[in-house]
Amino acid sequence: MKKSFLCILLALSMVLCACSGADETHITPVNESFKDLNVLDYGFSLRIELGGKTCVLLASGNISIDEEQKLMTGEIEETLMGDNIGIMKVKWQDGVMTTDDISEEYSWEEMRGSLIYAFPVVFGSEQIKSTEKTNTLAGTLYRHYIEDNSQSKLLYSLLGTALPEICGVVSVVEDETRFKNIMCEYTLDKEGVPAGYTVSFTVVYQDTPPYVPGVNQNKDKYTVEVDVEFRANYNN
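Residues numbered from 1 in each chain as written. Predicted model: local features only at pLDDT ≥ 70, side-chain atom pairs only at ≥ 80, totals over all residues. Heavy atoms only, no water.

Draft legend 1. Here's a closer look at the pattern of salt bridges. For the coordinates displayed, the defined rule picks out eight salt bridges. K219 is paired through a salt bridge with E176; the nearest N and O atoms lie 3.0 Å apart. Residue K219 is located in the loop between β11 (194-206) and β12 (223-234), and its partner E176 is located in the loop between α4 (162-166) and β10 (178-188); the two are separated by 43 residues in the primary sequence. Exposure remark for K219: the relative accessible area of 39% places this residue in the partly exposed category. (Salt bridge = Lys/Arg side-chain N within 4 Å of Asp/Glu carboxyl O. Helix = DSSP H or I, 4+ residues; strand = E, 2+ residues; numbered from the N terminus. Buried < 20%, exposed > 50% of the residue type's maximum accessible area, 1.4 Å probe, protein only.)

Shown next as structure tokens:
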């Protein structure tokens with residue numbers, strides 16, 4: 001099952017108001033509007049690059065999620081390593097996650113916690129290095145720059161278990177995998193309703209060095225950097 005999806009709203013004509021620290025006036029509106037979204041209907045795009053050069057995955061589509069009725073449906077078109085692999089239909093209902101014709105049992109919480117593209121990630125004030133605020137045609141955009149390795153376990157789970165192998169990692173060491181350059185954008189319309197969401201970051205996978213008798217391997221030589229960018233436009 002594919003679990004590696006993520007999204008962003010492309011900001012239009014921006015005049016930035018930058019803050020050297022985490023400005024609470026740039027954080028509170030995001031927490032109030034994005035933290036407990038119950039209904040999501042949006043289009044998204046995802047781009048994953050290996051070492052900033054090779055495009056590993058392109059994905060786009062539409063997702064509809066209703067947390068109150070516990071229902072998720074969507075269509076996702078994917079291009080993997082340059083090959084278009086078609087449109088995938090996904091659905092979660094009554095404890096079952098269906099991907100095309102393949103069904104697996106998942107609780108709502110497991111589904112929500114393992115699919116990056118399903119729900120926006122919101123970081124706490126203590127994890128935010130600095131913020132920016134700007135007005136766009138879509139509304140007010142709040143940009144948060146996040147401390148490295150914040151919510152590492154969540155970000156790791158959202159990328160799924162298949163991505164490291166696709167990127168050439170033989171045996172990933174989860175506890176030593178790092179996240180850097182984490183940036184989120186949250187856009188609120190004139191009524192304060194979520195209009196767009198972006199998350200981008202670089203994951204540095206730690207691979208397991210090959211065993212060579214009598215040789216102490218340098219782990220730094222066995223890392224793989226992968227850039228992730230996810231954009232979502234919400235239909236209000």
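Draft legend 2. Summary view of the side chain of H144. Note on placement: H144 falls in strand β9 (residues 139-146). In terms of polar contacts, H144 uses its side chain to reach the backbone carbonyl oxygen of H26, at 2.8 Å. Those residues in contact with H144, other than ones at most four positions away along the chain, are H26, I27, V30, I128, S130, T131, I182, M183, C184 and Y186. (Polar contact = N/O pair within 3.5 Å; in protein donor to acceptor, adjacent residues only side chain to side chain. Contact = heavy atoms within 4.5 Å.)

Draft legend 3. Geometry of the pairing of strand β8 (residues 128-136). Inspection of the sheet shows β8 paired to β9 by eight bridges, in the antiparallel sense. Within β9, the residue paired with T131 across the bridge is H144. Hairpin connection, β8 to β9: the antiparallel pair is bridged by two residues. (Pairing = 2+ DSSP bridges.)

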